[in-house]
Amino acid sequence: MIAVVWFKRDLRVHDHAPLAAAVATGQPVLPLYILEPGLWRQPEMAGRHFDFLRECLVDLDAALARLGARLGARLVLRAGEAVEVLAALHARHGIACLHAHEETGLLWTYDRDRAVHRWARAAGVPFLEAPQHGVIRRLPSRDGWARAWDRFMAAPRVPAPGTIRFADLPSDEWPDAASLGLDPDPCPGRQPGGRAAALERLRSFLEVRGRDYRRAMASPLLAFDACSRLSADLALGSLSMREALQAASRAMHRHREAGDAAYAASLRSFVSRLHWHCHFIQKLEDEPGLERHNLHRGYDGLRPEPADPAVVAAWIEGRTGFPFVDACMRALTATGWLNFRMRAMVMSFSSYHLWQHWREPAIALARRFTDFEAGIHYPQAQMQSGTTGVNTARIYNPLKQSRDQDPEGVFIRRWVPELAALPDSWLHEPWAAPTSLLADRGLRLGDNYPQPLVDPVRAAREARERIHALRRTADHRVEASDIQQKHGSRRSGLASAERPRRRRGDQGHRQGTLTFD
């Protein structure tokens, strides 16, 4: 008989309760990763996720090997659907117990986990799941949720086992991405995966890069370096949320004690955002269907469904005719990452200015984000599209954002080089430039750079009128109250990510895209 540890999005040996529990049984331990073809057929999944995952698994394999009584790779990879893989292992070797972390992911993983539970009950195999962070399964009420989160995050981390007696089973070969139906997905600026890289990112952020985090996190020019860049590491579990939070809290104290108030303030801001991480994932845990339908059903039919594929393609590929929006989308394609404010802006632009239903654009973004985390991604997609019913309509002004965040056009010129010759005064809205100037700089709108897809002022006005007309109805208010009761934060002492302070000329500033930092 063997104790199976089913690794999913918890690719580490530190602070890993299921691994520790399996080792404590005294039975041979099988660390198992199942590469599921069905998961990789989901529209959100892409080659960059596959490549990042492989790097994480290589690092996990090496960490397990260091804990083994004998040298050699100890992570066992099996390709196939989970129930089939587990049933075959049980038939041949006997599974005494299956250990795993709870997972809040796509509807596909939700249905898969339910199928595994049914199989385990029928086969007489105990299936023990441990919480990975502050999300609570079968939560009866949000009352007291924040205190439970604090208790979990303050608890001591689970130490890595000293040694592991492994079950000696062979591993499948790593498959080619094409065999899973994944298209080539070049992402030259993608950050590397694995715990070693994650720990270095954490160290450099807490000791060097994070000093200007508070000021720089909103800027696409500065955020690539000043933000923690831990979001993908947390999404795949190379780091646990608990160890990241505790490390940040210790560093904040050190900087404060050393008299570096600015660094301490930046880390306090970072810690406050980590507090919101599980708040959003809890929404998907409590209502898995919001991946596919409006959280507030009063918005059903408000926008055309499905979204216009030509418009979505122009938006995701950076061909909208709005230079700052296009620069963000091209940077995302090349790097797999954007800072939180720009993520909110591009989703808002799609939903309000382009008036597209959020579902298809959200899938397109998921494929670009190396750090795709369904529990944050889909609640945020709806939040930035105004379909939660309880959040302020965030209609970002793309021209104001462009001038505020990239006043000298450095970001635009890097990612939209066809506009590089334009002077700063016309770079943000080239359609308004004199025709003679455009010709002199070799720019032909509609030819070597697109005309804007919409009139930004009129599009924003029409979107606002449609949203506000719906929100004024009595039926809207009743359902919104129910949603707030079920999903709203009860936490005190934190700036609300759900009720932002409105800035003149730009609706919406604070939002809860927290693992994006």
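Residues numbered from 1 in each chain as written. Predicted model: local features only at pLDDT ≥ 70, side-chain atom pairs only at ≥ 80, totals over all residues. Heavy atoms only, no water.

Trainee: When you look at the packing of aromatic side chains in this model, what are you seeing that I'm missing?
Mentor: What characterises a pair of aromatic rings is the spacing of the ring centres plus the angle enclosed by the ring planes. In total, this model carries twelve aromatic pairs according to the counting rule given. Measuring from centroid to centroid gives 6.0 Å for Phe324 and Phe411, while their planes differ by 65°, and the two rings are edge-to-face. Linking Phe324 in helix H14 (residues 323-335) with Phe411 in helix H19 (residues 410-415), this pair joins segments that are 87 residues apart in sequence. Here Phe411 falls in the buried class, since its relative accessible area comes to 4%. What links up through ring pairs into an aromatic cluster is the set Trp40, Phe50 and Trp174. The residue whose ring lies beneath Arg229 is Trp337, and the NZ or CZ to ring-centre distance is 4.2 Å. (Phe/Tyr/Trp six-rings, centres within 6.5 Å; stacked < 30°, edge-to-face > 60°. Helix = DSSP H or I, 4+ residues; strand = E, 2+ residues; numbered from the N terminus. Buried < 20%, exposed > 50% of the residue type's maximum accessible area, 1.4 Å probe, protein only. Lys NZ or Arg CZ within 6 Å of the ring centre and 35° of its normal.)

Trainee: What's the story with the layout of surface pockets in this structure? I'm lost.
Mentor: To locate leftover empty space, one rolls a probe as large as a water molecule over the atoms. There is about 450 Å³ of room inside the largest pocket. In this structure, the largest pocket is lined by 20 residues; those nearest its centre are Tyr110, Arg114, Arg137, Arg138 and Glu285. Every element with two or more residues in the lining of the largest pocket is listed here: helix H5 (107-123) and helix H12 (261-286). Looking at which element gives the most residues to the lining of the largest pocket, the answer is H5, with seven residues. Here the lining of the largest pocket is composed, by residue class, of six nonpolar, four polar and ten charged. Roughly 300 Å³ of volume is contained in the second largest pocket. Asp61, Leu75, Leu77, Ser171 and Asp172 are, among the 16 residues lining the second largest pocket, the residues nearest its centre. Those elements giving two or more residues to the lining of the second largest pocket turn out to be helix H3 (47-67) and strand E3 (76-79). For the lining of the second largest pocket, the element with the highest residue contribution is H3, accounting for four residues. (1 Å grid on protein atoms, 1.4 Å probe; cavity = no way out; pocket = protein on both sides within 12 Å on 5 of 7 lines; lining within 4 Å. Points joined across faces, edges and corners; volume = space filled by probe spheres on them. Nonpolar A, V, L, I, M, F, W, Y, C, P; charged D, E, K, R; others polar.)

Trainee: How should the environment of Ala265 be read in this particular structure?
Mentor: One can find Ala265 in helix H12. Classification of Ala265 by relative accessible area gives buried; the value is 10%. For the pair Ala265 and Leu443, spaced 178 residues apart in sequence, the C-alpha to C-alpha distance is 45 Å.

Trainee: It is not clear to me how the packing of helix H6 (residues 145-154) against H12 should be interpreted in this structure. Could you clarify?
Mentor: Working note: a packed helix pair is described by the angle between its axes plus the distance between those axes. Two elements in contact, H6 and H12, have axes separated by 11 Å at closest approach and are oriented at 120°. As the angle between them shows, H6 and H12 are arranged oblique. Crossing geometry of H6 relative to H12 is assigned as right-handed. Along its contact with H6, which presents Trp145, Trp149, Asp150 and Met153, the element H12 presents Leu274, His275, Cys278, His279 and Gln282. Among the residues making up the contact of H6 with H12, the classes are represented as five nonpolar, three polar and one charged. (Axes fitted to C-alpha atoms, helices over the stretch in contact; angles between N-to-C directions. Parallel < 35°, antiparallel > 145°, perpendicular 65-115°, else oblique. Left-handed = near helix turned anticlockwise from the far one by under 90°. Contact = heavy atoms within 4.5 Å.)

Trainee: Is there a simple way to explain unusual backbone geometry in this structure?
Mentor: Most peptide bonds are trans, and most residues other than glycine sit at a negative phi. With an omega of -10°, the peptide bond running from Glu305 to Pro306 counts as cis. Here Pro306 lies in the loop between H12 and helix H13 (309-316). With phi around 50°, Asp15 is a residue other than glycine that occupies positive phi space. Judged by relative accessible area, which is 4%, Asp15 ranks as buried.

Trainee: Just to check I follow, could you spell out the environment of Arg214 for this structure?
Mentor: Position of Arg214 among the secondary structure elements: in helix H8 (residues 213-216). Sequence separation of Arg214 and Ser266 is 52 residues, and the distance between their C-alpha atoms is 4.7 Å. The residues contacting Arg214, other than those within four sequence positions of it, are Ala265, Ser266, Arg268 and Ser269.

Trainee: Which parts of the structure should I look at to understand the sheet that holds strand E5 (residues 127-130)?
Mentor: Hydrogen bonds between backbone groups are what pair the strands of a sheet, and the pairing can be parallel or antiparallel. Reading across from one edge, E3-E2-E1-E4-E5 is the order of the five strands in this open sheet, with parallel pairing throughout. The open sheet has two edge strands, E3 and E5, and neither has a second partner. When strand polarity is set aside, the average angle formed by the axes of neighbouring strands in this sheet is 30°. Pairing analysis gives four bridges linking strand E2 (residues 29-35) to E3, with the strands arranged parallel. Paired with Tyr33 across the bridge in E3 is Leu77. Where helix H4 (residues 82-93) meets the sheet, it contacts strand E1 (2-7), E2, E3 and strand E4 (95-101), and its direction lies at approximately 150° from that of E2. Strands in contact with H5 are E1, E4 and E5; relative to E5, the strand with the most contacts, it is inclined by about 145°. (Pairing = 2+ DSSP bridges.)

Trainee: Sorry, what's going on with empty space enclosed by the protein here?
Mentor: Using the criterion set out here, one finds nine cavities of 30 Å³ or more in the structure. Approximately 340 Å³ is the volume found for the largest cavity. Surrounding the largest cavity, 23 residues form its lining, Arg9, Leu39, Met45, Glu103 and Leu236 being those nearest its centre. Secondary structure elements with two or more residues in the lining of the largest cavity: E1, E2, helix H2 (37-40), H3 and H5. For the lining of the largest cavity, the leading source of residues is H3, giving three residues. Along the lines of polarity and charge, the residues of the lining of the largest cavity split into 13 nonpolar, four polar and six charged. Taken as a whole, the second largest cavity spans an internal volume of roughly 170 Å³. Mapped by element, the contributors of at least two residues to the lining of the second largest cavity are helix H10 (231-236) and H12.

Trainee: In this structure, what is going on with the side chain of His476? I would like to understand it.
Mentor: Checked against the element boundaries, His476 lands in helix H23 (residues 474-487). Accessibility expressed as a relative area gives 5% for His476, which makes it buried. Those residues in contact with His476 that sit more than four places away from it in its chain are His296, Tyr299, Gly389, Leu470 and Arg471.

Trainee: Which parts of the structure should I look at to understand the nonpolar core?
Mentor: Nonpolar side chains in soluble globular proteins generally cluster together in the buried interior. Judged by nonpolar contacts, the single largest core of 125 residues is most densely connected at Leu11, Tyr33, Leu35, Trp40, Leu53, Trp315 and Tyr378. Broken down by element, the residue count for this core peaks at eleven residues, all from H12. Contacts of Leu11, omitting those with residues within four sequence positions, involve Tyr33, Leu53, Cys56, Leu57, Leu60, Leu236, Gly237 and Ser238. One finds Ile34, Ile95, Val125 and Phe127 within the second-largest nonpolar core, a separate group that totals 21 residues. (Core = buried A, V, L, I, M, F, W, Y, C linked by side-chain atoms within 4.5 Å.)

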